[in-house]
Amino acid sequence: MRTFTYERANSPAEAAAAAERTLGAKFIAGGTNLLDLMKLEIEAPAHLIDVNGLDLDSIEPTPDGGLRIGALVRNTDLAADPRVRRDYGVLSRALLAGASGQLRNKATTAGNLLQRTRCPYFYDTAQPCNKRQPGSGCAAIGGFNRQLAVIGGSEACIATHPSDMAVAMRVLDATVETVRPDGATRFIPIADFHRLPGDTPHIETALVPGELITAVTLPKPAGGTQVYRKVRDRASYAFALVSVAAIVQRDGSGRVALGGVAHKPWRVEAAEAAMPQGAKAVTAQLLAGAKPAHDNAFKLPLVERTLASVLTEAKG
Ligand SMILES: Cc1cc2nc3c(=O)[nH]c(=O)nc-3n(C[C@H](O)[C@H](O)[C@H](O)COP(=O)(O)OP(=O)(O)OC[C@H]3O[C@@H](n4cnc5c(N)ncnc54)[C@H](O)[C@@H]3O)c2cc1C
Ligand code: SF4
């Protein structure tokens, strides 16, 4: 691990301002992703700004009937919150499908959204990777790409976003609240928060340098039956090959988002009109234009089957 300096932030605005003025600064929350990346020298921040002392660890109701989740709320606490379990079941289930109990005790809401890809070549510093080292190439295209994206990828990168929580937040239409280094507050719809790789796969979100996430807001409950189904190579402690977050209403209408298939949680709102017609019709629209790599075409039928199973479960 490279040497770095360290400070504790006293307020969100101060943290954002410090991050902008200090070259190579990064925030640290639970540290469950960042510290691993630092040990492997995939990330080498010159300065860490510890945000754990900020007053951002509560879950509060909003005036319009939703919930405001502080950036530092731990994944365990969010999954167990009675309001989340009752009104946003898909979120609670997605959180509990991720990582392990110990990791969820440390992992934060903001850190989870910003965790980096699990592409094996991103972790192997002997291999070219445009995300780790822009312009170096992509070892995954033509390499071992079983776990990687089938849609939304580019010539530069076919990585997937690994978060389970983010897929549930996408189906719930969450909004990410931030403070910028100039002190201004920003509200970013989750649909616009994560980016597709294009030719700049190292730029993964809409955040500007130094911008700090302060909260994620959920709109008032959508009702319906909420299901999160994660398909993976082993029953726990593994990232999704494919995951489905769904909200299904009594008349068969609803919403669906996918994990494990793209550089961001994948949702195509227009495809949801086909939900009463079943999984085949929805999947055809959700994955229209998919370009699987040589090892991962199996994800296309896997999405359809997983969605079919989710819709059956939701209908009871
Ligand atoms: C073995 C293992 C298995 C895992 N399995 C899963 C899984 O199955 N599913 C899943 O979804 N996740 C999984 N994870 C990932 C885990 O969920 C993340 O590591 C965790 O959510 C990151 O949160 P953190 O608070 O520890 O972030 P950190 O490591 O502290 O930070 C992550 C990134 O977020 C930035 N950051 C942190 N807080 C803020 C803020 N407030 N504003 C702006 N930037 C910020 C940091 O600078 C850093 O770039 C796994 C991790 C491990 C190690
Ligand atoms: S898919 Fe993306 S993360 Fe993986 S090697 Fe290629 S550029 Fe790097």
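Notes on the structure in this doc start here. (Residues numbered from 1 in each chain as written. Chains lettered and ligands numbered in written order. Predicted model: local features only at pLDDT ≥ 70, side-chain atom pairs only at ≥ 80, totals over all residues. Heavy atoms only, no water.)

### What to know about the packing of aromatic side chains
Per the stated rule, a full pass over the model turns up one aromatic pair. Ring centres of phenylalanine 122 and tyrosine 123 lie 5.6 Å apart, and the angle between their planes is 85°; on these two criteria the pair is classed as edge-to-face. (Phe/Tyr/Trp six-rings, centres within 6.5 Å; stacked < 30°, edge-to-face > 60°.)

### Digging into empty space enclosed by the protein
Taken as a whole and assessed by the stated rule, the structure comprises two cavities of 30 Å³ or more. The computed volume of the largest cavity comes to approximately 130 Å³. Forming the walls of the largest cavity are 16 residues, and the residues nearest its centre are Arg118, Thr160, Pro162, Phe239 and Ala240. The computed volume of the second largest cavity comes to approximately 80 Å³. The wall of the second largest cavity is formed by 15 residues, among which Cys119, Cys129, Asn130, Cys138 and Cys157 lie closest to the centre. Split by residue class, the lining of the second largest cavity holds 12 nonpolar, two polar and one charged. (1 Å grid on protein atoms, 1.4 Å probe; cavity = no way out; pocket = protein on both sides within 12 Å on 5 of 7 lines; lining within 4 Å. Points joined across faces, edges and corners; volume = space filled by probe spheres on them. Nonpolar A, V, L, I, M, F, W, Y, C, P; charged D, E, K, R; others polar.)

### Digging into the sheet that holds strand S5 (residues 67-70)
The strand order across the open sheet built from five strands is S4-S5-S8-S6-S7, with neighbouring strands paired in antiparallel fashion. The sheet terminates laterally at strand S4 (59-61) and strand S7 (185-189), the two strands that pair on one side only. Ignoring which end each strand starts from, the neighbouring axes of this sheet average 25° apart. Sheet contacts for helix H1 (residues 12-21): strand S6 (175-179) and strand S8 (212-218); angle to S8, the most-contacted strand, approximately 130°. (Pairing = 2+ DSSP bridges. Helix = DSSP H or I, 4+ residues; strand = E, 2+ residues; numbered from the N terminus. Axes fitted to C-alpha atoms, helices over the stretch in contact; angles between N-to-C directions. Contact = heavy atoms within 4.5 Å.)

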